[in-house]
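Close look at the chain arrangement
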Amino acid sequence: MKVLPLDDDGADLATAGGKGASLARLSRAGLPVPTGFHITTEAYRQFVAPFRDEIERTPAEDIGALFAAHEIPRDLAEEITKAYAALGDGDVPVAVRSSATAEDLPGMSFAGQQDTYLNIRGDGLLDAVRRCWASLWNARAVAYRERNHVPQDDVALAVVVQELVDADAAGIMFTADPVTGATGQSAINASWGLGESIVGGQVTPDTIVVTGDTVSITVADKTIMTVRTADGTHEEAVPDAMRRSAVLTEGEARELAALGERIEALYGTPMDIEWARHDGAFLILQARPITALTPRLEEWNDSLLGNYLWTSANLGEAIPDVMTPATWSLVRIFIHEAMSASAMPGYSMVGNIGGRFYMNLTVPLSIAKAAWMGSRLGAIEEVFGKLPPGLDVPMLPDSRWTLLKAMVPLGLGVRKRAAANLTWMHPFLAGARERCAELRERAAAIGDPAELAGFWERELRPFVVQSCQALEAAGRQGGSALVLTRGKLRKLAGESDAEAMLSGANADGELASMGPIIGLDRLARGEIDRETFATAYGHRGAHEFEVSLPRPGEDPGWIDAQLAAMGPGTADALLDRQAEAREAAWDRFDQRYPGKSAKMRERVKKYNAVVRDRETARSESMRAFWAMRAFFLRAGELTGLGDDVFYLEIDELVAALRGAPVTADLASRRATYEHYRALPIYPTLIVGHFDPERWAASPDRRSDLFDDRGGAAPVSDTVTGFPGAPGVVEGTARVIAGPEDGDRLKHGEILVTTLTNIGWTPMFPRAAAVVTDMGAPLSHASIVARELGIPAVVGTGNATVRIHDGDRIRVDGARGTVEVLN
């Protein structure tokens, strides 16, 4: 798309530049931003394509003439003028602002390096856009990029077009003291007219400091103001009666500071904000981090450990967020206990790349190759998804003998440990809910820091470890049955019947992934009360690993929102329909293979029992994370650290509870977390060293694969993946970024997204089909779709790239294909 609405979800750094991405974020958050639209970097590239090679050879003083000599392509010009016409009748005055892909980045604001044009109307718009594009190559912008080591060929320019505010006052606001860095106060500069006289340094503005309810105003002698004219803007003298009058009242200063607090909360860092006032109402024109105050950023990037293939599939789908240091430290405990086979000597099976969870696939693939198990690649793909055809997977440098010598005793130890843990797994899971509730209550009631540290070491940590070991035991029972049964059944019965026959994991006992929607149906029928539902499912959600975020059960409005979204009886109807399909498939199998039917039924029964145990154990592990959240919250209260505790790792926090000084730079860790959180979701597969910032700013970035060796096959024009659940459906695609936007999915539409986890489950009954970028046959989307009989295609790698919101598509869940029809 070359032109996007101002609040479009697709208006990110690579598409809309730094300023545009920030304005889109503000607008989506409901902040008062002037209406407008983005002219994307794709439009810029289309315009400069015929003369791109000439740009860097042209002297800066001649760049304007070079751009003026080329017409904007007709289709692009029509798209721009159409968006402009939608702003209102007649010649709506607009501001035309440059927005570069290397703009408003941490430590580099790029403020004033490219040009802005005000009070542009009608026929003048296209010329102003062209002049904005040319300003990317003016002398000051090129020099600034060179000083900051930003490659010239990595930048492109978007343009933001917004209705011009006919401001009677304007200025700048910092949500922290711009000199001392002191937080808890807002510093406001205010002057009459448009804000350009302040930005350009032509006027001494009023200075207002707001600290809580206290407002301090220093009135300046404001001699110049920028005003709008018929053909642009100009400076004129301020009337004598206004020169020494305060621009803002104390009430207005508090109102403006409150807007600043909302913006700082949205970004998680002190902000530099441009504002304007018109008819008594404030509007936000721009917001960016205060670069001079930005704390030093840490680097969280395990891709630098070596040349490996990393994947965020499978467990990464359950941990979709950038992790706080607290969560990452707890996830490492989880991995050590629930995946003890990951303890490969000398190598890490898991990593933190830009704050996100990844698994090192080079390790299991190297071991499979060393053990002559190349035929088992399909089993790995059942768990982690398909690898792109032709991908050269980097292998470990160790010899076959070295790898086998390390892994054989480790594998035997894991098998022995899992078998021993199976003996107590079921009784533990049966009592885990009650025990976890008790631990949460205990944590919240402890009043002494040292006692809380002891509680972690003696009671909570052992419970967490045991819940993780139960999950490992549940997944290890039955050997490879979980990944091989499906392949065997598909070979005998065909894809559609196999998927129908494998459903029913919920029939002989509750499947934890299905629990929330079945529970909602029971609640709607009055079979259980709200407290019972919240106790059973309040720990499950889209962000259940991240301990800094509230659980759904902590939100009083959560149950009502879920009931309203799903509708009564929906899950039961789908389950009944799927039960009929399952029995019909088994009847066909019985007729075709009468001698194999009983044995296969028993095998599938065991398969479903393993699936149920695994899902139950995972659910109880997540309940343990709720208890750990309660521990961190109480620790924040007892230490006085508040929510800064989430920027400590668990061992650091326990030491602090015992009186050790906190030496970690919490401001830097918080800033690093917020920085990574502001970037788009990284590719599912990463090969080699990955730079999250450079990737995010790249116009060629991909969401499926990053390979630092280059030469990756282009993104496929077709959308194919694993057959998640059979069936053919045509309908409207609804591309959804996160479960928080789930209300956009209407009944009968097709859900298209990057990934799903338990937090998405209540949406499934509304969906006619499900399509995901990430996933495999044992992923959440496949399991839930199969149980409900909803066609699904998972692990496509490129669905959210190739399918646009509102497209009409055909999903074939048996073949694993998606076709765009319009």
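Keep in mind that this is a model prediction, so the values were computed, not measured.

1. Quick word on the sheet that holds strand E5 (residues 157-163)
Strand order in the open sheet formed by five strands is E1-E2-E5-E3-E4, and the pairing between neighbours is antiparallel. Edge positions in the open sheet fall to strand E1 (3-5) and strand E4 (116-120), since each of these has one partner strand only. Across this sheet, the average inter-strand angle for adjacent strands is 20°, counted without regard to direction. For strand E2 (residues 36-39) and E5, the ladder comprises four bridges, and the chain directions are antiparallel. Residue Phe37 lies in a different strand from E5, and its bridge partner there is Val161. Relative to the sheet, helix H1 (residues 13-28) contacts E1, E2, strand E3 (94-100) and E5, its axis offset from that of E3 by approximately 125°. Contacting E2, E3, E4 and E5, helix H6 (residues 124-135) crosses the sheet at an angle of about 25° to E3.

2. Re the side chain of Ser668
Among the secondary structure elements, Ser668 is positioned in helix H25 (residues 666-677). Apart from residues no more than four positions distant in its own chain, Ser668 is found in contact with Pro295, Arg296 and Glu298.

3. As for the sheet that holds strand E24 (residues 792-794)
Read from one edge of the open sheet, eight strands run E19-E26-E25-E21-E22-E23-E24-E20, paired in mixed fashion. Looking along the sheet, the strands with just one partner apiece sit at the ends: strand E19 (719-720) and strand E20 (722-725). Sheet topology note: the strand E23 (residues 769-772)/E24 ladder contains two bridges and is parallel. In the sheet register, Val771 faces E24, and the bridge partner there is Val793. Running at roughly 45° to E20, helix H27 (residues 780-788) makes contact with E20, E23 and E24 of the sheet.

4. Section: the packing of helix H19 (residues 515-524) against helix H20 (residues 530-537)
Closest axis-to-axis distance for the H19/H20 pair is 10 Å, and the angle between their directions is 175°. The orientation of H19 relative to H20 falls into the category roughly antiparallel. Together, Gly515, Pro516, Gly519, Leu520 and Leu523 of H19 and Arg530, Phe533 and Tyr537 of H20 make up the contact between the two elements. Of the residues assigned to the contact of H19 with H20, the class counts are five nonpolar, two polar and one charged.

5. Points about the pattern of salt bridges
According to the stated counting rule, one finds 49 salt bridges in the structure shown. The shortest N-O distance in the salt bridge between Arg244 and Asp221 comes to 3.2 Å. Of this pair, Arg244 sits in the loop between helix H9 (240-243) and helix H10 (250-267) while Asp221 sits in the loop between strand E9 (214-218) and strand E10 (224-229), placing them 23 residues apart in sequence. Taking the relative accessible area as the measure of exposure, Arg244 reaches 57% and is therefore exposed. Between Glu250 and Arg254 there is a salt bridge, with its nearest N and O atoms 3.5 Å apart. Taken together, the residues span about one helical turn, with Glu250 and Arg254 both in helix H10 at a distance of four residues. On the basis of relative accessible area, Glu250 is assigned to the partly exposed category, the value being 39%. Look at the salt bridges and you will find they share partners, linking Glu71, Asp127, Arg130 and Arg131 into a network.

6. Some thoughts on unusual backbone geometry
At Asp279, a position not held by glycine, the phi torsion is positive, near 50°. Phi at Asn314 is positive, roughly 65°, even though this residue is not glycine.

7. Some points on the pairing of strand E26 (residues 817-820)
Pairing analysis gives two bridges linking E19 to E26, with the strands arranged antiparallel. If you follow Val719 over to E26, its bridge partner there is Val818. Where strand E25 (residues 808-812) and E26 come together, four bridges link them in antiparallel fashion. Residue pairing for E26: Asp812 is matched across the bridge by Thr817. With antiparallel pairing between neighbouring strands as the criterion, E25 and E26 make up a hairpin whose turn holds four residues, including Gly816 at a positive phi of roughly 75°.

8. Observations regarding a positive patch on the surface
Side chains of Lys488, Lys491, Lys596, Lys599 and Arg603 sit close together on the surface and give a patch of like positive charge. One can find Lys599 in helix H23 (residues 597-639).

Thresholds applied
Residues numbered from 1 in each chain as written. Predicted model: local features only at pLDDT ≥ 70, side-chain atom pairs only at ≥ 80, totals over all residues. Heavy atoms only, no water. Pairing = 2+ DSSP bridges. Helix = DSSP H or I, 4+ residues; strand = E, 2+ residues; numbered from the N terminus. Axes fitted to C-alpha atoms, helices over the stretch in contact; angles between N-to-C directions. Contact = heavy atoms within 4.5 Å. Parallel < 35°, antiparallel > 145°, perpendicular 65-115°, else oblique. Nonpolar A, V, L, I, M, F, W, Y, C, P; charged D, E, K, R; others polar. Salt bridge = Lys/Arg side-chain N within 4 Å of Asp/Glu carboxyl O. Buried < 20%, exposed > 50% of the residue type's maximum accessible area, 1.4 Å probe, protein only. Patch = residues over 30% accessible without salt bridge, like charges linked within 9 Å, V, L, I, M, F, W, Y side chains within 5 Å. Areas by Shrake-Rupley, 256 points an atom, 1.4 Å probe, with all protein chains shown as cover. Lys, Arg positive; Asp, Glu negative; His and termini not counted. Charge placed at Lys NZ, Arg CZ, Asp CG, Glu CD.

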